Number of protein chains: 2
Amino acid sequence: MVTLKAARALLDEKGLRSSATRIHVLAYLLSYPSHPTADEIYQALLPKMLTLSKTTIYNTLDLLTEANITRQITIDGKEARFDIIIVDHGHFQCNTCKHIYDFSVDLDECMVADLTGFKVAQRNIYFKGICPNCQK
Amino acid sequence: MVTLKAARALLDEKGLRSSATRIHVLAYLLSYPSHPTADEIYQALLPKMLTLSKTTIYNTLDLLTEANITRQITIDGKEARFDIIIVDHGHFQCNTCKHIYDFSVDLDECMVADLTGFKVAQRNIYFKGICPNCQK
DNA sequence: ACATTAAATTGTAATGGTTACAAAAATAAA
DNA sequence: TTTATTTTTGTAACCATTACAATTTAATGT
């Protein structure tokens, strides 16, 4: 499990204590950058950590998001999803199968003058429609 | 109230029955294009329509969204917001005062080749940060 | 105008993701 | 080890949204 070491390193780098929960949550996000929900992470880790609590998952995800390691995205408005921050990229959610695809986008290219004076900390872009698979 | 007539006209145009609730909800969105929540609309209309139900607000907003008159946006992930569809534009939410600003953006300009084969039905872009007012 | 059918609205209860909070456990410091 | 701090846990509360059945309202046909 190379991601466990990577997770620990990332936490150290940010000055966060690397508890077992944090390492595993972060390792999961590194291994499965598929925008999982809090519950998906919880269900995936539960077999390994029998006493794991849902609250801890939320606390940890808040912590990681606060430290700019992860990003919280809301696409369907139903439940939050969490994404390892790599580079600015867009999300496409298929209305049929609900799967979320990443796509690259150069946000600097499409900027406008309206936001002078605004301090932009985070940029999100998401599309909706039908993915190629579901068009068949 | 010119917006009441405009609301009725819009409903007629889409082949939707123009009930009192629908007219008022739509007129409110036309008058206050400030991305209100379902509850904000409900609270605003309640004095005029004493028997109004929250469920009806949701039903109506679903209907309008289905008819492509309004668009549902989720920025904070906490509660849905509703916006009259005009043109593609971005939303900026201030982390401090939570106010949501509109800004224009040419989404065609920043497109990429990744999405060939995808049928894009809706494009959303939202930024977060600090607005000029809250930087003082 | 009346009866019949369909559509819209209402109220209540349930759902489900998230959060508050206090207690328990684990870790670090003295 | 003792003490202090941090982390984790479990339960209960919160709150936006939805399900659903009943009621009301509007449209249609006779």
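Above this note sits the structure.
The notes below deal with the structure included here. Everything numeric in this text was worked out from a predicted model, so none of it was measured.

Before going further, it helps to spend a moment on the overall build of chain A. For chain A, the count of helices and strands is five helices and five strands. Considering only C-alpha atoms, chain A reaches an extent of 45 × 45 × 25 Å along its principal axes. Considering chain A as a whole, with its 136 residues, one finds that 42% of them fall into the buried category. If you take every contact in chain A between residues at least 6 apart in sequence, the share linking residues at least 24 apart comes to 49%. Distance between charge centroids for chain A: 7 Å, based on 15 positive and 15 negative side chains.

Each pair of packed helices gets described by two things: the angle between the helix axes and the distance between those axes. Residue and element names in this part refer to chain B. Running from N to C, helix H2 (residues 20-31) and helix H4 (residues 54-66) cross one another at 70°; their axes reach a closest spacing of 10 Å. By the angle class used here, H2 and H4 are roughly perpendicular. The crossing of H2 and H4 is right-handed. Mapping the contact onto sequence places Thr21, Arg22, Val25, Leu26 and Leu29 in H2 and Thr56, Ile57, Thr60, Leu61, Leu63 and Leu64 in H4.

In the vicinity of DNA strand C there are 16 residues, among which Tyr58 and Ala80 of chain A together with Ser19, Thr51 and Thr56 of chain B approach most closely. At 2.6 Å, a side-chain N or O of Ser19 of chain B approaches a phosphate oxygen of DNA strand C. Contacts to DNA strand C include Leu52 of chain B, whose backbone N or O atom sits 3.4 Å from a phosphate oxygen. Contributing elements (two or more residues each) for the surface near DNA strand C: helix H4 (54-66) of chain A together with H2 and H4 of chain B. In terms of residue count, H4 of chain B provides more of the surface near DNA strand C than any other element does, three residues in total. Looking at the surface near DNA strand C, its residues break down into three nonpolar, eight polar and five charged.

Residues and elements named next belong to chain B. Residue position: Phe127 is located in strand E5 (residues 119-130). With a relative accessible area of 1%, Phe127 lands in the buried category. Remark: the alpha-carbon pair of Phe127 and Ala38, spanning 89 residues in sequence, is separated by 22 Å.

With that settled, the discussion passes to the pattern of salt bridges. All names here are of chain A. In this structure the tally under the stated criterion is two salt bridges over all chains. With its nearest N and O atoms 3.2 Å apart, the salt bridge here joins Lys54 to Asp39. Placement of the pair is Lys54 in helix H4 and Asp39 in helix H3 (residues 38-45), with a sequence separation of 15 residues.

Turning our eyes to something else, we now look at unusual backbone geometry. We note that Lys98 of chain A has phi near 70°; this positive angle belongs to a residue other than glycine. If you trace the backbone, Lys98 of chain A turns up in the loop between strand E3 (89-94) and strand E4 (100-104). Phi angles above zero are rare outside glycine, and Asn68 of chain B is one such case at about 65°. Relative to the assigned elements, Asn68 of chain B resides in the loop between H4 and strand E1 (70-73).

Reading the values: the criteria
Within each chain, residues carry numbers counting from 1 in the order of the written sequence. Both sets of labels track the order of writing: A upward for chains, 1 upward for ligands. Side-chain atom pairs in this predicted model are given and counted only at pLDDT of 80 or more, local residue features only at pLDDT of at least 70, and totals for whole chains, interfaces and linings cover all residues. With hydrogens and water set aside, each side-chain value is computed from the structure's full complement of heavy atoms. Secondary structure counts use DSSP, requiring at least four H or I residues in a row for a helix and at least two E residues in a row for a strand, with both numbered from the N terminus. For each residue, the accessible area found with a 1.4 Å probe, counting protein chains only, is set against the maximum for its type, and the residue is called buried under 20%, exposed over 50%, and partly exposed in between. Contact criterion: two residues are considered in contact whenever any of their non-hydrogen atoms come within 4.5 Å of each other. Residues scored as positive are Lys and Arg, those scored as negative are Asp and Glu, and His as well as the terminal groups of each chain are ignored. One atom stands in for each charge, and that atom is NZ of Lys, CZ of Arg, CG of Asp or CD of Glu. With axes taken as lines fitted to C-alpha atoms, and helix axes fitted only over the stretch in contact, angles between N-to-C directions fall between 0 and 180 degrees. Roughly parallel means an angle under 35 degrees; roughly antiparallel means over 145; roughly perpendicular covers 65 to 115; every other angle is labelled oblique. Throughout, a crossing is termed right-handed when the near helix is turned clockwise from the far one, and left-handed when it is turned anticlockwise from it by less than a right angle. Neighbouring residues are identified by heavy atoms, a residue being near a molecule or strand if any of them is within 4 Å of it. Polar contact is the term for a pair of N or O atoms within 3.5 Å; when the atoms are in protein, one must be able to donate a hydrogen and the other to accept it, and sequence-neighboring residues count only if both atoms are side-chain atoms. Side-chain classes follow a simple rule in which Ala, Val, Leu, Ile, Met, Phe, Trp, Tyr, Cys and Pro form the nonpolar group, Asp, Glu, Lys and Arg form the charged group, and the remainder, Gly included, forms the polar group. Take a side-chain nitrogen of Lys or Arg and a carboxyl oxygen of Asp or Glu: if they are within 4 Å of each other, that pair is a salt bridge.

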